[in-house]
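Each chain, written out:
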Amino acid sequence: MNSLIIFALLIVLLLTGMPISIALGMSVLAFLYAFSTIPVEIISQRLFTGLDQFAIMAIPFFILAGAFLTTGGVATRIVKFATTLVGAMHGGLAVSAVLSCAFFAALSGSSPATVVAIGSIMIPAMVKQGYPKAFGVGVIATSGGLGILIPPSIVMIIYAVSTNTSVGQLFIAGIVPGVLMAAVLMLVTWLVAKKNNYPTLPQASLREIWQAFRDSIWGLLIVVIVIGGIYGGIFTPTEAAAVSAVYAFVVAVFIYGDLKLREVPRVLRESANMSAMLLYIITNAILFSFLLTSENIPQQIAQWIVDQGLTPWMFLLFVNVLLFFAGDFMEPSSIILILAPIFLPVAIKLGIDPIHLGIIMVINMELGMITPPVGLNLYVASGLARMGLTEVTLAAAPWILVVTAVLLLVTYVPQIALWLPHLMYGIP
Amino acid sequence: MINRILDNLEEWLIATFMGLATLVIFFAVVHRYSSGIPWVWQYTRNISTSWTQELCIYLFIWMAKFGAAYGVRTGIHVGVDVLVRSLAPAKQKFFVVLSLGSGAFFTATIALLGAKFVHFIYVTGQISPDLEMPMWIIYLAIPLGSSLMCYRFLQVMWHYLKSGELPVHTYGGDIEVVA
């Protein structure tokens, strides 16, 4: 009964259009005043102690690193490198755009940031080469989603924090599905381009490839810092994030010199703005899930679902469908923070690996970002291409099928996500 | 005038906290690995870095509380506005004011509760485990940040009622105002 009231309250408040963080906080307040015996004072303490975890602090650091990479000329060089590699294929520029997104995703933990970084270069380039604008925009909005699947990933950190799983293992688990998704997107782009006879670029010589690689190596080295550093036990994920932020700053300002020193305070301020918004949602979501836990609600829901005799595959289908709809209305972090603590106990009871569940949720979030009405990537891409939201949505629509196909594959073949982390962390 | 000072202070504060926290953790990592280089280590071995994680967390909590207030001003706190957008303008206005009002109400409540909590911690005289700073100063982030956020909600509401404009955050940074 209580659970129904809490959720009904939250949904009503969300539908009024108030900020998600405020809706979460208000439902907690209202519930505490009206029904619960927990003293309201606990809220103020929770507002502070909720954030008092070093793991969460990786989020602002990765946002900062991403901001330096986006503005600092790293994206341009990655695009150039990707173009020399696959530009000679059918639809070379579009295939390069997917590959660039995959590379950039390996440096940055955010999807919209990936769309901005690669899209602002590639969308105009594709239009200039005579691609239909809608095609280019669809490709970019979709492959920008790789940003949260290929590590590092802010969404994965949020999942790890709200379910107490290992950030390192989640990152490693994202690699194979991420590469798979990138490969499938490149394949589909190539097939479409071949069918419509989209232009190709001249084949780059080995020398040019090497030159482009050497130019982009300073940016690409962040992969080594993050993945190598975390897996090799050199840093904690948070430290890796801080080191990559400092490194990205040095690359952007001193090595490439595309960012002026006097622009740094602006980058810091914008990253702080974005981070604070996420941290504010996280604080209030932690408050909300604290309330749920103290009312024993996740356990009740878990028991109820198990009592319905749901098999693992049915549960996962249910998860996917629910997330698909949730993803249409809310942005990823809030969905994960609200739903992950509810899904997790069920998944554990049904013998589903929490890491696997995490990857499934992340791919669902990718899907949510290209489905209307609230598709963050669609908004960003429409801003970049100066196209209406409806047109961009239509442009991205066929890609929803492609991403869904990969999602189902990863959902029902758990080894895709789990093979690498099990191998690397020695889990049998 | 006071608004200008407040705006600048807010922006300056969050950018500084962000940069400082990054440097602190970077320093801690560099320090840890300097132990592998004997001629550096003889100078750095006596520096203790156990306080860095704590400082980083506190800096980010302060950044989060004040940044959240800055976020109200830049319109970065988004909600589920699909339903509201489809309403007639008059009703839409009602819901926008309602959501801004709820924001102001929630943050005011938290500021009040936070202030009570700071007083409570002040009486107990707790200090932080590593930095040995009085905890009440650290917890001050909640009432201060939340009051500022409340003020920002009221400010945005006032501006909206006067001009019908809301701040809208766009990716890539610039703040642009759309009707």
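Owing to the predicted nature of the structure, the values given are computational and were not obtained by experimental measurement.

So, on to the overall build of chain A. A tally of regular secondary structure across chain A gives 21 helices and zero strands. For chain A, whose C-alpha radius of gyration is 22 Å, the value lies close to the compact-globule estimate of 22 Å for 428 residues. Reported as C-alpha extents along the three principal axes, the dimensions of chain A are approximately 70 × 50 × 45 Å. Once local pairs closer than 6 in sequence are excluded, the contacts in chain A between residues at least 24 apart make up 78%. Accessible surface, chain A as shown: approximately 15300 Å² in total, 69% of it carbon and sulfur. Across chain A, the 15 positively charged side chains and the 15 negatively charged ones have centroids separated by 16 Å.

Glancing now at the interface of chain A and chain B. Counting residues at the interface gives 59 residues for chain A and 58 residues for chain B. Regarding the contact of chain A and chain B, the summed buried area is about 5200 Å², with carbon and sulfur atoms giving 78% of it. Three residues stand out in chain A for area buried against chain B, namely Phe48, Asn273 and Tyr280 of chain A, and they jointly supply 14% of the buried area on that side. Remark: the boundary between chain A and chain B carries two salt bridges. A salt bridge links Arg269 of chain A to Glu11 of chain B, with the shortest nitrogen-to-oxygen separation between them at 3.9 Å. Our count for the chain A to chain B interface comes out at six residue pairs in polar contact (both at pLDDT 80 or more). Among the secondary structure elements, those contributing two or more residues to the side of chain A that touches chain B are helix H1 (2-15), helix H2 (20-34), helix H3 (41-49), helix H4 (58-71), helix H7 (111-128), helix H13 (237-255), helix H14 (264-294) and helix H19 (376-385) of chain A. For the side of chain A that touches chain B, the element with the highest residue contribution is H14 of chain A, accounting for 15 residues. Classifying every residue of the side of chain A that touches chain B by side-chain character gives 40 nonpolar, 14 polar and five charged.

Looking now at the packing of aromatic side chains. All names here are of chain A. In this structure the tally under the stated criterion is 19 aromatic pairs over all chains. Both rings, one in Phe135 and one in Tyr198, keep their centres 5.0 Å apart while their planes meet at 50 degrees; by these two values the pair is tilted. Of this pair, Phe135 sits in helix H8 (residues 133-143) while Tyr198 sits in the loop between helix H11 (167-196) and helix H12 (206-231); the two residues are 63 residues apart in sequence, bridging distant segments of the chain. In this pair, the class of Phe135 matches that of Tyr198, namely buried. Each member of the aromatic cluster is reached from another via a ring pair, and the members are Phe81, Phe103, Trp210 and Phe213. The ring of Tyr256 carries the charged tip of Arg77 above its face, separated from the ring centre by 3.8 Å.

Quick look at the packing of helix H5 (residues 74-86) of chain A against helix H6 (residues 92-105) of chain A now. Residues and elements named next belong to chain A. One way to put it is that H5 packs onto H6 with a least axis distance of 8 Å and a crossing angle of 130 degrees. As the angle between them shows, H5 and H6 are arranged oblique. Like other packed secondary-structure pairs, H5 and H6 cross with a definite hand, here right-handed. Between H5 and H6, the residues in contact are Ala75, Ile78, Val79, Phe81, Ala82, Thr83, Leu85 and Val86 and Gly92, Leu93, Val95, Ser96, Leu99, Ser100, Phe103 and Phe104, respectively.

Residues and elements named next belong to chain B. Averaged over all residues, the pLDDT of chain B is 87; the fraction at 70 or higher stands at 94%. Within the model, the stretch residues 173-179 combines pLDDT values under 50 with 12 contacts to residues more than four positions away or in other chains. Interface confidence for the predicted complex, given as ipTM, is 0.91, next to a pTM of 0.92.

On to a nonpolar patch on the surface. Residue and element names in this part refer to chain A. On the surface, Trp313, Met314, Leu317, Val321, Phe325, Leu408, Leu409, Tyr412 and Val413 cluster together into a nonpolar patch covering about 780 Å² of accessible area. Taken together, the elements giving at least two residues each to the nonpolar patch come down to helix H16 (312-329) and helix H20 (389-412). Looking at the element boundaries, Met314 is found in helix H16. For Met314, a relative accessible area of 33% translates into the label partly exposed.

Before going further, it helps to examine the pattern of salt bridges. All names here are of chain B. This structure, assessed with the given rule, holds nine salt bridges over all chains. The residue Asp7 makes a salt bridge to Arg73 at a minimum N-O spacing of 3.5 Å. Within this pair, whereas Asp7 is found in helix H1 (residues 2-33), its partner Arg73 is found in helix H3 (residues 52-74), the two being separated by 66 residues in sequence. Its salt-bridge partner being Asp7, residue Arg152 comes within 2.8 Å of it at the nearest N-O pair.

Below, the discussion takes up the nonpolar core. If you look at soluble globular proteins, the nonpolar side chains tend to sit buried side by side. Residues and elements named next belong to chain A. Membership of the largest hydrophobic core comes to 224 residues, with the highest contact counts inside it found for Ile43, Ile59, Ile282, Phe288, Phe315, Ile359 and Met361. The leading source of residues in this core is H14, at 17 residues. Non-local contacts of Ile282, meaning those with residues more than four positions away in its chain, are made with Leu51, Ile56, Ile59, Ile158 and Leu337.

Relative to the helices and strands, His356 of chain A resides in helix H18 (residues 354-369). Within the structure, His356 of chain A has its side chain in polar contact with the backbone oxygen of Val410 of chain A (distance 2.9 Å).

Structurally, Pro373 of chain A is set in the loop between H18 and H19. Judged by relative accessible area, Pro373 of chain A falls into the partly exposed class, the value being 29%. Not counting residues within four places of it along the chain, the set of residues in contact with Pro373 of chain A comprises Asp328, Phe329 and Tyr379 of chain A together with Val82 of chain B.

Position of Ser21 of chain A among the secondary structure elements: in helix H2. On the basis of relative accessible area, Ser21 of chain A is assigned to the buried category, the value being 2%. Discounting residues that sit within four places of it in the chain, Ser21 of chain A has contacts with Tyr280, Ile281 and Asn284 of chain A together with His77 of chain B.

Before going further, it helps to spend a moment on unusual backbone geometry. All names here are of chain A. Here Pro151 and Pro152 are connected by a cis peptide whose omega angle stands at -5 degrees. Inspection of the secondary structure puts Pro152 in the loop between helix H9 (146-149) and helix H10 (154-163). At Asn197, a position not held by glycine, the phi torsion is positive, near 55 degrees. Residue placement: Asn197 occurs in the loop between H11 and H12. We classify Asn197 as exposed; its relative accessible area is 60%. Backbone geometry places Arg386, a non-glycine residue, at a positive phi of 50 degrees.

Quick look at H5 of chain A now. The end-to-end C-alpha distance of H5 of chain A, which contains 13 residues, comes to 19 Å, matching closely the 18 Å that a straight helix rising 1.5 Å per residue would cover. On its buried face, H5 of chain A sits against H4, H6, H7, H11, H12 and H13 of chain A.

Another aspect to go through is the confidence of the model for chain A. Here chain A averages 90 in pLDDT, while 100% of its residues score no lower than 70. The lowest-confidence element of chain A is H3 of chain A, averaging 75 in pLDDT; the highest-confidence one is H6 of chain A, averaging 96.

Attention now goes to the packing of H7 of chain A against H19 of chain A. Residues and elements named next belong to chain A. Contact geometry of H7 with H19 gives a least axis separation of 9 Å together with a crossing angle of 25 degrees. As summarised for this structure, H7 and H19 are arranged roughly parallel, according to the angle between their axes. In the packing of H7 onto H19, the handedness of the crossing is right-handed. Note on element contacts: H19 touches H7 through Leu376, Asn377, Val380, Ala381, Leu384 and Ala385, opposite Ser111, Pro112, Val115, Val116, Gly119, Ser120 and Ile123. Tallied by class, residues from the contact of H7 with H19 come to nine nonpolar, four polar and no charged.

What counts and how
- Residues numbered from 1 in each chain as written.
- Chains lettered and ligands numbered in written order.
- Predicted model: local features only at pLDDT ≥ 70, side-chain atom pairs only at ≥ 80, totals over all residues.
- Heavy atoms only, no water.
- Helix = DSSP H or I, 4+ residues; strand = E, 2+ residues; numbered from the N terminus.
- Rg over C-alpha atoms; globule rule 2.2 N^0.38 Å.
- Contact = heavy atoms within 4.5 Å.
- Areas by Shrake-Rupley, 256 points an atom, 1.4 Å probe, with all protein chains shown as cover.
- Lys, Arg positive; Asp, Glu negative; His and termini not counted.
- Charge placed at Lys NZ, Arg CZ, Asp CG, Glu CD.
- Buried area = accessible area lost by both parts, 1.4 Å probe.
- Salt bridge = Lys/Arg side-chain N within 4 Å of Asp/Glu carboxyl O.
- Polar contact = N/O pair within 3.5 Å; in protein donor to acceptor, adjacent residues only side chain to side chain.
- Nonpolar A, V, L, I, M, F, W, Y, C, P; charged D, E, K, R; others polar.
- Phe/Tyr/Trp six-rings, centres within 6.5 Å; stacked < 30°, edge-to-face > 60°.
- Buried < 20%, exposed > 50% of the residue type's maximum accessible area, 1.4 Å probe, protein only.
- Lys NZ or Arg CZ within 6 Å of the ring centre and 35° of its normal.
- Axes fitted to C-alpha atoms, helices over the stretch in contact; angles between N-to-C directions.
- Parallel < 35°, antiparallel > 145°, perpendicular 65-115°, else oblique.
- Left-handed = near helix turned anticlockwise from the far one by under 90°.
- pLDDT = per-residue confidence, 0-100.
- Patch = residues over 30% accessible without salt bridge, like charges linked within 9 Å, V, L, I, M, F, W, Y side chains within 5 Å.
- Core = buried A, V, L, I, M, F, W, Y, C linked by side-chain atoms within 4.5 Å.
- Expected span 1.5 Å × (residues − 1).

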